[in-house]
Number of protein chains: 2
Amino acid sequence: MALINAARLIADLRELAGIGKLGTGVDRVALSPADIEARHWLMGRMRAAGLAARMDSVGNVYGRYPDAERAILVGSHTDTVPQGGWLDGALGVVYGLEVARAALEAGGASRVGVDVVAFQDEEGSFLPCLGSRSFCEDVTEAEIRAAKSKDGLPLIEALAALRNEGPRIRRDPQRVLCYLEAHIEQGPRLEALGRRIGVVTGLVGIRRFRIGCRGQADHAGTTPMAMRKDAGMALFRLATRIADEFPGLGGPDTVWNIGNVALRPGAANVVPGDGEMTLEFRDIDPSTLDRLEQGVLAWVAEASRGPLSLHAEATARIPPTRMAEHLAQAIAAAAAAHGEEPVFMPSGAGHDAMVLGRFMPAGMLFVPSIGGRSHDVAEDTSEADIVLGCEVLAAAVAKLRQALETGSV
Amino acid sequence: MALINAARLIADLRELAGIGKLGTGVDRVALSPADIEARHWLMGRMRAAGLAARMDSVGNVYGRYPDAERAILVGSHTDTVPQGGWLDGALGVVYGLEVARAALEAGGASRVGVDVVAFQDEEGSFLPCLGSRSFCEDVTEAEIRAAKSKDGLPLIEALAALRNEGPRIRRDPQRVLCYLEAHIEQGPRLEALGRRIGVVTGLVGIRRFRIGCRGQADHAGTTPMAMRKDAGMALFRLATRIADEFPGLGGPDTVWNIGNVALRPGAANVVPGDGEMTLEFRDIDPSTLDRLEQGVLAWVAEASRGPLSLHAEATARIPPTRMAEHLAQAIAAAAAAHGEEPVFMPSGAGHDAMVLGRFMPAGMLFVPSIGGRSHDVAEDTSEADIVLGCEVLAAAVAKLRQALETGSV
């Protein structure tokens, strides 16, 4: 028996995708007019469903389940990257709306309700996970004052558009028992395996380094090879060494990337005098991250012996976040009850659950991304997979409410 | 006995360096107000010395030795790169002025004079070696119409500043017997060897390739390593292979450079979807250039087997230019007469002599560059070396005039 209304779910997702619509995708950057419009639309939907909805002064929208003392919180974010897809974030929010709405329709008194949340700026147009960090009281006022968009717009100026909203919504530990977030996978693994439900074991830790090299800019026609201090070649050799040695140092799910490199002065006929590249690596296991970091730092030090000077500066160190085992099992059991064998997998991307998971039990469910695409207008998931994901989430929520009600969790 | 006036030579070089002065250097980009002012200054100096001077409609300045049927042409260019040095180009022009001036002062009728030239835009702010190519009728009107500065200013618009100048000065094969150009080395070899005069055997050929790679941009957290099509890593590996294998393929004086690389989209958390880098290599021997090119093209083809597509596009193929043996010997003999053992060396940089050398016998003399620096305000040469270089050139010119006069060359 269906726990949710599939047609209504799809219709709401499509209607939300119309706000900030950009071809097949959506441009709904945090605190843009489209973002704020979407949050007002969501409050309307929440109220129509019987939830007590309000927006706070950072733009978080919270829908409170009526007559419940405690609640499972379900949600995600409604902001997008520039020129983003229609499901990244929106899927988890509308799932939450539909699960709560269907539960209210099903009736039956319960002291454990389903609260629904749409966090602000998960994508970090100003400050990554601003909304969930605000909700968990995990962001300082100094950070908020310092945050700016890529174009230099201060966050506090952008927040002025919300001046009439209420005070910041903080998590209430007495009420909110756990957090569940559904999301598109944003990767190709489920599709490649032919599976439809991912159960997230944890969110990987991320370490990011800026690796700089200082050599000497010289005329590339007149300076003999033996007399050069070529910053570019030193970085190319280091990149190749990383590619050769990381597989032996990392685990089976380790990923790493050199996404950018810049050489100066950058002319065909000038030996690069200095340069830098960005390295990041991700894994769910902190000791693996440590091993990779030790490797890189040793190779950088080794490459510095000689006429070249290299240095590595950590620009981000995000620790891994484990998802709660009992929530993962609840999602897996619900998938199995729908005839699906789930894939247990780390999330290689960051999510609001990464923040929430440090303050309460959290769990995540993935649905497949067609072609692994996301952060792009081509991002998509089949309607069948969208509906299945919501059914599985609703089933997991129903079981958890029951268990929480009876105190068996 | 000195053939030139050392104090006057230095004073003229310093005075010319005052036009477009920028700290210890000079900014006298072709067709800028400073460039045009310098050319008018030069005409004044030429006329004061007794040369018949004029500027043509591309800005070439030519000083004709009076009462001579034939002439040795001596010169270089007075334009600079942006934020350039005080000697690159200017040295060879003022040497020409001083050699001709001293010859006129020394008197004695001669049917072989010393003509002096300052070519336009050797540095290629609009069109590399525009002046020498115009002089040799080696540039088409279509090229001139198409040429633009890096900022998009069309050459023909910049040339409007010269509208009142005379028609283009063309080489007169009956008159001009050969071309001599002195220049700073722009490299560290003379200084490293402790020698003061370089005799240029030829100007290296240059081949330049844009090597592109197309892969696929993916989320660097969610895409397993085995499923990536990383355009950046393919370029890094190719660069490393070039560095490892070029020494075995090239000659002792081969140089090569990867001066620039760009990855797109260029974000820390996105696998590079495409990228490109610039490779150039230089050698005096065309068969060496062929071997290097075959190597690169084979490695590019090899790297393309798989999910990545690489391609190499030749963006420049400048053939080597040999300097005339009898001119090199004349310079070497003059150096020896001054107690200096010269270094025979290829020029790794391009010069106007590269153009002239295809149309008449040409020779070049190098003086040391302190620290090998050039194209920079720090570019410098000791006054002693500047004076010695001009003495050696004057001595070589004197011997050549004598030989040409008597028909022994």
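Conventions used here
- Residues numbered from 1 in each chain as written.
- Chains lettered and ligands numbered in written order.
- Predicted model: local features only at pLDDT ≥ 70, side-chain atom pairs only at ≥ 80, totals over all residues.
- Heavy atoms only, no water.
- Helix = DSSP H or I, 4+ residues; strand = E, 2+ residues; numbered from the N terminus.
- Rg over C-alpha atoms; globule rule 2.2 N^0.38 Å.
- Buried < 20%, exposed > 50% of the residue type's maximum accessible area, 1.4 Å probe, protein only.
- Least-squares fit on C-alpha atoms with pLDDT ≥ 70 in both.
- Contact = heavy atoms within 4.5 Å.
- Pairing = 2+ DSSP bridges.
- Axes fitted to C-alpha atoms, helices over the stretch in contact; angles between N-to-C directions.
- Disulfide = S-S within 2.5 Å.
- Buried area = accessible area lost by both parts, 1.4 Å probe.
- Salt bridge = Lys/Arg side-chain N within 4 Å of Asp/Glu carboxyl O.
- Polar contact = N/O pair within 3.5 Å; in protein donor to acceptor, adjacent residues only side chain to side chain.
- Nonpolar A, V, L, I, M, F, W, Y, C, P; charged D, E, K, R; others polar.
- pLDDT = per-residue confidence, 0-100.
- Parallel < 35°, antiparallel > 145°, perpendicular 65-115°, else oblique.
- Left-handed = near helix turned anticlockwise from the far one by under 90°.
- Expected span 1.5 Å × (residues − 1).
- Right-handed = clockwise from strand over helix to strand, strands pointing away.

A. Broad picture of the overall build of chain A. The number of helices and strands found in chain A is twelve helices and 17 strands. For chain A, whose C-alpha radius of gyration is 24 Å, the value lies close to the compact-globule estimate of 22 Å for 409 residues. For chain A, the spread of C-alpha atoms along the three principal axes comes to 85 × 45 × 40 Å. A total of 409 residues make up chain A; the buried ones form 59% of that total.

B. Seen up close, the relation of the copies chain A and chain B. For the pair chain A and chain B, the superposition axis carries a translation of 0.2 Å, the fit reaches an RMSD of 0.2 Å, and the rotation angle comes to 180°. The two molecules are tied by a two-fold rotation axis, judged by turn and shift. If distances are taken from each C-alpha of chain A to the rotation axis, the shortest is found for F236(A), at 2.6 Å. When the interface residues of chain A are mapped onto chain B, 100% of them again fall at the interface, so both copies present the same face.

C. Quick look at the sheet that holds strand β13 (residues 274–283) of chain B. Residue and element names in this part refer to chain B. Spatial ordering of the open sheet is given by β11-β13-β9-β14, a layout of four strands whose pairing is antiparallel. For this open sheet the edge positions go to β11 (255–264) and β14 (309–318), each flanked by a neighbour on one side alone. Taking each pair of neighbouring strands and ignoring which way they run, the sheet shows an average axis angle of 15°. Note: strand β9 (residues 205–214) against β14, nine bridges, orientation antiparallel. When the sheet's bridge partners are listed, I206 is paired in β14 with I318. Strands in contact with helix α8 (residues 231–249) are β9, β11, β13 and β14; relative to β13, the strand with the most contacts, it is inclined by about 15°. Packing of helix α9 (residues 286–303) onto the sheet brings it into contact with β9, β13 and β14, and relative to β9 it is tilted by some 5°.

D. A look at the state of the cysteines. Following the criterion strictly, the structure yields zero disulfides over all chains and no others. The structure places no disulfide on C129(A), whose sulfur is separated from the nearest cysteine sulfur, that of C136(A), by 9.9 Å.

E. Representation of the side chain of H183(B) in the model. For H183(B), the position within the fold is in strand β7 (residues 176–184). Discounting residues that sit within four places of it in the chain, H183(B) has contacts with S76(B), H77(B), D88(B), G89(B), L91(B), H351(B), M364(B), L365(B), F366(B) and V367(B).

F. Focus on the interface of chain A and chain B. If you look at the interface, chain A gives 46 residues, while chain B gives 46 residues. With both sides pooled, the region where chain A packs onto chain B buries about 3900 Å², and carbon together with sulfur makes up 60% of that total. Where chain A meets chain B, there are two salt bridges. In this structure, the salt-bridge partner of D244(A) is R237(B), at a minimum N-O distance of 2.8 Å. At the boundary of chain A with chain B, the tally comes to 13 residue pairs in polar contact (both at pLDDT 80 or more). Counting residues per element, the ones that place at least two in the side of chain A that touches chain B are α7 (189–193), α8 (231–249), β11 (255–264), β12 (270–271) and β13 (274–283) of chain A. Ranked by residue count, the leading element in the side of chain A that touches chain B is β11(A), at eight residues. A per-class count over the side of chain A that touches chain B returns 21 nonpolar, 16 polar and nine charged.

G. Focus on the confidence of the model for chain A. Here chain A shows a mean pLDDT of 95. Residues at 70 or above account for 100%. At the level of chain-chain contacts, confidence expressed as ipTM amounts to 0.87, with global pTM at 0.85.

H. Here's a closer look at the sheet that holds β11(A). All names here are of chain A. Pairing within the open sheet is antiparallel, and its four strands lie in the order β11-β13-β9-β14. At either margin of the open sheet sits one strand with a lone partner, and together these are β11 and β14 (309–318). Each strand axis lies, on average, 15° off the axis of its neighbour in the sheet, ignoring direction. Seen against the sheet, α8 touches β9 (205–214), β11, β13 and β14 and runs at an angle of roughly 15° to β13. Running at roughly 5° to β9, helix α9 (residues 286–303) makes contact with β9, β13 and β14 of the sheet.

I. Highlighting the environment of G371(B). All names here are of chain B. Tracing the sequence through the fold places G371 in the loop between β17 (362–367) and α12 (383–405). For G371, a relative accessible area of 36% translates into the label partly exposed. Note: C-alpha distance between G371 and E191 (180 residues apart in sequence) is 7.3 Å.

J. Just the packing of helix α1 (residues 6–17) of chain B against helix α2 (residues 33–49) of chain B, in detail. All names here are of chain B. Their axes nearest at 10 Å, the elements α1 and α2 cross at an angle of 155°. Regarding the angle of α1 to α2, the classification is roughly antiparallel. By crossing handedness, the relation of α1 to α2 is classed as right-handed. Packed against α1, whose contacting residues are D12, E15 and L16, the element α2 presents A38, W41 and R45 at the interface. Class assignment for the residues of the contact of α1 with α2 results in three nonpolar, no polar and three charged.

K. Broad picture of helix α10 (residues 325–337) of chain B. All names here are of chain B. Here α10 contains 13 residues, and its C-alpha end-to-end distance of 18 Å stays within 8% of the 18 Å for a straight helix at 1.5 Å per residue. Packed against the buried residues of α10 are β7, β8 (198–203), β16 (343–347), β17 and α12. One or two positions beyond α10, positive phi appears at G339, with a value near 80°.

L. Molecular detail of unusual backbone geometry. Residues and elements named next belong to chain A. Following R264, the chain continues to P265 via a peptide bond in cis, the omega torsion being 5°. Relative to the helices and strands, P265 is located in the loop between β11 and β12. Not every positive phi belongs to a glycine, and Q83 is a case in point at roughly 55°. Mapping Q83 onto the fold places it in the loop between β5 (70–77) and α3 (90–106). Under the relative-accessibility criterion, Q83 is labelled exposed at 52%. For C129, which is not glycine, the phi torsion reads 60° and is therefore positive. Owing to a relative accessible area of 6%, C129 belongs among the buried residues under this scheme.

M. Structural detail: the environment of A303(B). Residues and elements named next belong to chain B. Position of A303 among the secondary structure elements: in helix α9. Sequence separation between A303 and F119 is 184 residues; the distance between their C-alpha atoms is 44 Å. The contacts of A303, once residues within four sequence positions are left out, are L308 and L310.

N. Representation of the packing of helix α3 (residues 90–106) of chain B against α12(B). Residue and element names in this part refer to chain B. Between α3 and α12, whose axes approach to 10 Å, the crossing angle comes to 55°. Comparing the axis directions of α3 and α12 gives the class oblique. In terms of crossing hand, the pair formed by α3 and α12 is right-handed. Residues L91, Y95, E98, V99 and A103 of α3 touch α12, and the partners they reach there are D385, I386, G389, C390, L393, A394, V397 and R401. Taken together, the residues that form the contact of α3 with α12 break down as nine nonpolar, one polar and three charged.

O. Representation of the pattern of salt bridges in the model. Across all of its chains, the model carries 60 salt bridges over all chains by this definition. For E313(A), the salt bridge identified is with R210(A), shortest N-O distance 2.6 Å. With E313(A) in strand β14 and R210(A) in strand β9, this pair connects stretches of sequence that are 103 residues apart. Note on R210(A): relative accessible area 34%, which makes it partly exposed. Of the charged contacts, one joins E105(B) and R8(B) as a salt bridge, the two residues approaching to 2.5 Å between their closest N and O atoms. A residue pair is termed long-range when its members are at least 10 positions apart, and E105(B) in helix α3 and R8(B) in helix α1 qualify at 97 residues.

P. Representation of the pairing of strand β6 (residues 112–119) of chain B in the model. Residue and element names in this part refer to chain B. Counting buried positions along β6 gives eight out of eight residues, so the element sits mostly inside the fold. What you see with β6 is no split at all: V112, V114, V116 and A118 on one side and G113, D115, V117 and F119 on the other are buried throughout. By the bridge criterion, three bridges tie strand β4 (residues 61–64) to β6 in an arrangement that is antiparallel. Among the inter-strand pairings, G63 is bridged to a residue of β6, identified as V116. Bridge analysis of strand β5 (residues 70–77) against β6 gives eight bridges, and the strand direction is parallel. Considered in β6, the bridge of S76 is made with A118. Crossover β5 to β6 through α3 is right-handed.

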